[in-house]
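Listed here are the chains, written in short residue letters.
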Amino acid sequence: MIYVSLPVHEHPEVVIDQCLNFQKYLECLIVLHVPKAKDDLKSNVKELLAKNSLTQRVFINPVSVDTGWGKIIGAHLSNIDFIIRNLKAKQKDKVVFHSSNDMLVKKGLTLYLSGKQFIFQERKFVNPGYWVPGKYALEDDELRGFIVNTFSEFKGLCGSQLEGSMYSVELLDMLRRSIIKENLNLSIKYPVEEIIFSTF
């Protein structure tokens, strides 16, 4: 099974169009995360999902966290938790990350993804470069400590745009558990999700 983790940051109608688009081109279940303190948005999306007969394939995560630049990882981790606990995802299932302004335009993606466990860019960082998240991550002692405690060594960082990347539920569950165990501070002021998933 392929799951799509989708933080909502567009108007409800845009999100519904996107869900319809994804259902046309990808065999998947979609989990929406609506930001904290956006109860009106959540109820509007819920109403439109029902109106468009999407409630069997699209789910609204009942847990909402603060989102924004540098905070989107919390939304995805919350969705991963929902996918594992509520939708009973298997370890071999996959989660594809998207934002609520993506669109698919061609069939064949389900078949393409079925033979893969991971899809992400591999920007390896040893020295600060032009990519802002990589520069901040290399200066982040807490992230470095998390990696050392998890893997017993630090071999550097690997960056990837999160949107469009895919990871197995098994890896994401391990990452989620490690973050909880190490009590990693996720209120970091840069998009750590573009480093931590691909490095892990």
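Just so we're clear, the structure is a prediction, and the values are computed from it rather than from any experiment. (Residues numbered from 1 in each chain as written. Predicted model: local features only at pLDDT ≥ 70, side-chain atom pairs only at ≥ 80, totals over all residues. Heavy atoms only, no water.)

Chemist: Before we move on, can you summarise the sheet that holds strand E3 (residues 58–60) with the specific residues and values?
Modeler: Note: strands within a sheet are paired through backbone hydrogen bonds, in either parallel or antiparallel orientation. An order of E3-E2-E1-E4-E7 is seen for the 5 strands of this open sheet, with the pairing classed as mixed. Every interior strand has two partners, whereas the edge strands, E3 and strand E7 (166–168), have only one. Going across the sheet, the axis of each strand differs from the next one's by a mean of 25°, ignoring polarity. Looking at chain direction, strand E1 (residues 2–7) and strand E2 (residues 29–33) are connected through 5 bridges and run parallel. Bridging from a neighbouring strand, Pro-7 pairs with His-33 of E2. Contacts from helix H2 (residues 39–51) reach E2 and E3, with the element oriented near 160° to E3. (Pairing = 2+ DSSP bridges. Helix = DSSP H or I, 4+ residues; strand = E, 2+ residues; numbered from the N terminus. Axes fitted to C-alpha atoms, helices over the stretch in contact; angles between N-to-C directions. Contact = heavy atoms within 4.5 Å.)

Chemist: How would you sum up the packing of helix H3 (residues 72–85) against helix H7 (residues 169–182)? Please name residues and give values.
Modeler: Running from amino to carboxyl end, H3 crosses H7 at an angle of 120°, the nearest separation of the two axes being 10 Å. Classified by the angle between their axes, H3 and H7 sit oblique to one another. By crossing handedness, the relation of H3 to H7 is classed as left-handed. Counted together, Leu-77, Ile-80, Asp-81, Ile-84 and Arg-85 of H3 and Val-169, Leu-172, Asp-173, Arg-176 and Ile-179 of H7 form the full contact between these two elements. Partitioning the contact of H3 with H7 into residue classes produces 6 nonpolar, no polar and 4 charged. (Parallel < 35°, antiparallel > 145°, perpendicular 65-115°, else oblique. Left-handed = near helix turned anticlockwise from the far one by under 90°. Nonpolar A, V, L, I, M, F, W, Y, C, P; charged D, E, K, R; others polar.)

Chemist: Outline helix H1 (residues 12–25), supporting the account with residue identities and numerical values.
Modeler: Working note: α-helix, 3.6 residues per turn, so residues spaced by three or four point in the same direction. Over its 14 residues, H1 runs 20 Å from end to end, which matches the ideal 20 Å to within 8%, given 1.5 Å per residue. For H1, the secondary structure elements touched by its buried residues are E1, E2, H2, E3 and helix H4 (109–114). (Expected span 1.5 Å × (residues − 1).)

Chemist: Can you tell me about the pairing of strand E4 (residues 94–97), naming the residues and giving the values?
Modeler: Because side chains alternate across E4, one face comprises the buried residues Lys-94 and Val-96, and the other comprises Val-95 and Phe-97, equally buried. Note that E1 and E4 share 4 bridges and pair parallel. Its bridge partner being in E4, Ser-5 is matched across the sheet by Phe-97. Pairing geometry for E4 and E7, over 3 bridges, is antiparallel. The residue bridging Val-96 from the neighbouring strand is Met-166, located in E7. (Buried < 20%, exposed > 50% of the residue type's maximum accessible area, 1.4 Å probe, protein only.)

Chemist: Describe helix H6 (residues 141–151), with residues and values.
Modeler: Turning to H6, its buried residues are Leu-143, Phe-146 and Ile-147. Along the long axis of H6, the arc covered by the buried residues comes to 95°, so they all point the same way. Pointing more than 90 degrees away from the buried face of H6 are the exposed residues Asp-141 and Asn-149. In the core, the buried residues of H6 are packed alongside helix H5 (132–138), strand E6 (157–159), H7 and helix H8 (193–199). Following H6 by one or two positions, Ser-152 adopts a phi angle in the positive range, close to 70°. (Arc of directions from axis to C-beta.)

Chemist: Which residues make up the packing of aromatic side chains, and what are the values?
Modeler: The description of an aromatic ring pair uses the distance of the two centres, along with the angle that the planes make with each other. On inspection of all chains with the given rule, the structure shows 5 aromatic pairs. Aromatic side chains Tyr-136 and Tyr-190 sit 5.9 Å apart centroid to centroid with 35° between the ring planes, which places their arrangement in the tilted category. Of this pair, Tyr-136 sits in helix H5 while Tyr-190 sits in the loop between H7 and H8, and the two are 54 residues apart along the sequence. Overall, the relative accessible area of 3% leaves Tyr-190 in the buried class. Through a chain of ring-to-ring contacts, three or more aromatic side chains come together here, namely Phe-97, Phe-120, Tyr-167 and Phe-197. (Phe/Tyr/Trp six-rings, centres within 6.5 Å; stacked < 30°, edge-to-face > 60°.)

Chemist: Help me get a handle on the nonpolar core, residues and values and all.
Modeler: Among the nonpolar cores identified, the biggest contains 36 residues, and Phe-97, Leu-143, Phe-146, Leu-157, Leu-172, Ile-196 and Phe-197 are the most heavily contacted of them. It is H3 that contributes the most residues to this core, 6 residues altogether. In contact with Leu-143, other than residues within four places in its own chain, are Ala-137, Leu-157, Tyr-190, Val-192, Ile-195 and Ile-196. (Core = buried A, V, L, I, M, F, W, Y, C linked by side-chain atoms within 4.5 Å.)

Remember that the coordinates give geometry; whether it matters functionally is a separate question.
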